[in-house]
Amino acid sequence: MPKEELKLSILREVETVNTQRELSEKVGCSVGTVNSILKLLINDGYVSLEGILINNKLKNKYSLSKKGENYRYELTEKLLEKKKNELQALEQEYRNEKR
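The shown structure was predicted, so the numbers you read here are calculated from the model rather than taken from an experiment. (Residues numbered from 1 in each chain as written. Predicted model: local features only at pLDDT ≥ 70, side-chain atom pairs only at ≥ 80, totals over all residues. Heavy atoms only, no water.)

Caption draft 1: Here's a closer look at the environment of R12. Tracing the backbone through its elements, the reader meets R12 in helix α1 (residues 3-13). By relative accessible area, R12 is classed as exposed at 57%. When the C-alpha atoms of R12 and E69 are compared, they prove to be 9.1 Å apart, with 57 residues separating the residues in sequence. (Helix = DSSP H or I, 4+ residues; strand = E, 2+ residues; numbered from the N terminus. Buried < 20%, exposed > 50% of the residue type's maximum accessible area, 1.4 Å probe, protein only.)

What follows is the structure, given as structure tokens:
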């Protein structure tokens with residue numbers, strides 16, 4: 001999966017999971033890759049990390065910042081445009097082969 005698509009997947013799922021392992025399973029990549037991308041997203045201010053106490057255990061809770069929400073929308077638009085262009089090219093190729 002290309003990096004921008006992976007970032008988008010992480011941004012879409014980060015608030016729905018409790019661990020990086022769960023997130024890696026949802027987006028289909030290694031925990032190490034998720035960890036690296038999360039660090040970048042946190043450092044850039046797109047995702048925030050806070051520790052919360054559950055059953056006397058400290059757990060990480062990820063959440064999107066407003067900046068992160070805007071970035072998710074930007075990435076979505078960019079990737080949709082890319083996919084539309086790929087589809088148009090594929091349709092044109094198909095038409096040319098059919099002739």
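Caption draft 2: Local environment of the pairing of strand β1 (residues 47-54). Pairing geometry for β1 and strand β2 (residues 57-64), over eight bridges, is antiparallel. Counterpart to S48 in the pairing with β2 is S63. Once β1 ends, the chain turns through two residues before running back antiparallel as β2, passing N55 with a positive phi of about 55°. (Pairing = 2+ DSSP bridges.)

Caption draft 3: Main features of the packing of aromatic side chains. Evaluated as defined, the whole model comprises one aromatic pair. Here the guanidinium or amino end of K67 rests over the ring plane of Y46, the centre of that ring lying 5.2 Å away. The ring centre of Y73 lies 5.3 Å from the NZ or CZ of R72, which sits over that ring. (Phe/Tyr/Trp six-rings, centres within 6.5 Å; stacked < 30°, edge-to-face > 60°. Lys NZ or Arg CZ within 6 Å of the ring centre and 35° of its normal.)

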